[in-house]
Amino acid sequence: MKYTQLGRTGLKVSRLVLGTMNFGPQTDEADSHAIMDAALDAGINFFDTANVYGWGENKGRTESIIGNWFAQGGERRDKVVLATKVYGNMAADGDAWPNHDKLSAVNIRRAVDASLRRLRTDHIDVYQFHHVDRNTPFDEIWQAIDVLVQQGKILYVGSSNFPGYKIAQANEAAARRGGTIGLVSEQCLYNLAERRAEMEVIPAAQEYGLGVIPWSPLHGGLLGGVIKKEVQGGRRASGRAADTLADPTARAQIQSYEDLLDKHGLEPGEAALAWLLTRPGVTGPIVGPRTAEQLASALRAVELELSQELLTGLDEIFPGPGPSPEAFAW
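Report on the accompanying structure.

Cut-offs and rules
- Residues numbered from 1 in each chain as written.
- Predicted model: local features only at pLDDT ≥ 70, side-chain atom pairs only at ≥ 80, totals over all residues.
- Heavy atoms only, no water.
- Helix = DSSP H or I, 4+ residues; strand = E, 2+ residues; numbered from the N terminus.
- Rg over C-alpha atoms; globule rule 2.2 N^0.38 Å.
- Buried < 20%, exposed > 50% of the residue type's maximum accessible area, 1.4 Å probe, protein only.
- Contact = heavy atoms within 4.5 Å.
- Areas by Shrake-Rupley, 256 points an atom, 1.4 Å probe, with all protein chains shown as cover.
- Lys, Arg positive; Asp, Glu negative; His and termini not counted.
- Charge placed at Lys NZ, Arg CZ, Asp CG, Glu CD.
- 1 Å grid on protein atoms, 1.4 Å probe; cavity = no way out; pocket = protein on both sides within 12 Å on 5 of 7 lines; lining within 4 Å.
- Points joined across faces, edges and corners; volume = space filled by probe spheres on them.
- Nonpolar A, V, L, I, M, F, W, Y, C, P; charged D, E, K, R; others polar.
- Salt bridge = Lys/Arg side-chain N within 4 Å of Asp/Glu carboxyl O.
- Expected span 1.5 Å × (residues − 1).
- Arc of directions from axis to C-beta.
- Polar contact = N/O pair within 3.5 Å; in protein donor to acceptor, adjacent residues only side chain to side chain.

1. Section: the overall build of the protein
Here is step 1: Secondary structure summary: the protein contains 14 helices and 10 strands in total.
Here is step 2: Relative to its length of 330 residues, the protein is compact, with a C-alpha radius of gyration of 20 Å against a globular reference of 20 Å.
Here is step 3: Projected onto its principal axes, the C-alpha coordinates of the protein cover approximately 55 × 50 × 40 Å.
Here is step 4: The buried share of the protein, taken over its 330 residues, is 50%.
Here is step 5: The contacts of the protein with a sequence gap of at least 6 include a subset with a gap of at least 24, amounting to 77%.
Here is step 6: Summing over all exposed atoms, the protein offers an accessible surface of approximately 14800 Å²; the carbon and sulfur share of this is 49%.
Here is step 7: Of the charged side chains in the protein, 33 are positive and 41 negative; the average position of the first set lies 3 Å away from that of the second.

So, in structure tokens, the structure goes:
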């Protein structure tokens, strides 16, 4: 496994991040534990989760699965850089009691303590804001975070799904307070088929020293060889991938992508992950395996070296927006 610093911090994290969103809803606890063991054995030390994972009446279940795994010992907790998130409504029926969601100081305090109980640990390494809270000022948010850092309950703070201007606002507010390091990472939707983050989010992250952690690196399976799997009678596309393939133009684009990688003798999903690892500012993509086989495929991506010819071909199929502000200014 290869490692890098998380943004401007001294924290060393693996170039792949283990996403745990499937643990509980799609992968049972025993298999989830086996995947985490395999990830740790392969050198992945950065695990990502969220308090809402498990979904519906099972919100919090994923954190509990991870906590039970930590409780098995074997230095599991000590070896893992643990990231979880706060913002979501934790009510099973979706009807949150006032102040039981978002980023008020009241909810941040409540949510971090609940996550610590489920995770069966005394601290969270990277505590992430799962979404922008348009009603809570950053001064209030940072005051709450400062208390948690002083208490030793969290070490670093990251954002998720923040636009570039909110990254700037958050870190400027932190700088005004003094003694607050501010955001150190941004978790955003970013992959070959969805490159809008290159317009503002990634430049802002680089300017403020945030590590970029792309989620959905295969764009809901669209970049994982979905057409080839259909032809071979495998798992059919669903969700975002199925909706995209219903458009003939988009389907032709994905077919061109798969044909290009077939020409180079590469698996689409592995190449899509490897491409992200070449992108400026990217710490590592989040991979969310449902099975040990999917984890093994993701691990191979770290060792892939993509030729300039292939990178050029990928840009031709999935052109990025171009540099900011030129991309939207003229």
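Once you've had a look at it, read on.
2. Observations concerning empty space enclosed by the protein
Here is step 1: Across all of its chains, the model carries 1 cavity of 30 Å³ or more by this definition.
Here is step 2: Its boundaries defined by the atoms lining it, the largest cavity holds a volume of some 40 Å³.
Here is step 3: Lining of the largest cavity is provided by Leu103, Val132, Asp133, Thr136, Phe138, Ile141, Phe162 and Lys166.
Here is step 4: Residue classes in the lining of the largest cavity are distributed as 5 nonpolar, 1 polar and 2 charged.

3. Quick word on the side chain of Arg77
Here is step 1: As for its position among the elements, Arg77 is in helix H3 (residues 76-79).
Here is step 2: On the basis of relative accessible area, Arg77 is assigned to the buried category, the value being 14%.
Here is step 3: Sequence-distant contacts of Arg77, defined by excluding residues within four places in its chain, comprise Phe70, Leu82, Thr121, His123, Ile124 and Asp125.

4. Let's talk about the pattern of salt bridges
Here is step 1: A full pass over the atoms with the stated rule returns 14 salt bridges.
Here is step 2: Glu270 serves as the salt-bridge partner of Arg300, at 2.9 Å between the closest nitrogen and oxygen. Note that Arg300 is positioned in helix H12 (residues 292-302) and Glu270 in helix H11 (residues 268-277), a separation of 30 residues in sequence.
Here is step 3: Overall, Glu270 belongs to the buried group, its relative accessible area being 9%.
Here is step 4: Each member of the salt-bridge network shares a partner with another, and the members are Arg195, Glu198, Arg279 and Asp315.

5. What about the layout of surface pockets?
Here the idea is plain: a probe the size of a water molecule rolls over the atoms and shows the empty space left.
Here is step 1: Roughly 1400 Å³ of internal volume is contained in the largest pocket.
Here is step 2: Lining the largest pocket are 46 residues, with Leu218, Gly220, Gly221, Gly288 and Arg290 positioned closest to its centre.
Here is step 3: Where the lining of the largest pocket is concerned, the elements lending two or more residues are helix H8 (226-231), helix H9 (239-245), H11, strand E10 (286-287) and H12.
Here is step 4: Tallied by class, the residues present in the lining of the largest pocket amount to 14 nonpolar, 21 polar and 11 charged.

6. With respect to helix H1 (residues 29-41)
Here is step 1: Over its 13 residues, H1 runs 18 Å from end to end, which matches the ideal 18 Å to within 8%, given 1.5 Å per residue.
Here is step 2: Looking only at H1, the buried set comprises Ser32, His33, Ile35, Met36, Ala39 and Leu40. For H1, the angular spread of the buried residues around the axis is 160 degrees, confining them to a single face. In H1, the exposed positions that point more than 90 degrees away from the buried face belong to Ala30 and Asp41.
Here is step 3: On the buried face of H1, the contacting elements are strand E3 (17-19), strand E4 (46-48), helix H2 (61-70), H3 and H12.
Here is step 4: Capping of H1 at its N-terminal end is provided by Asp28; its side-chain oxygen lies 3.3 Å from the backbone amide nitrogen of Ala30.

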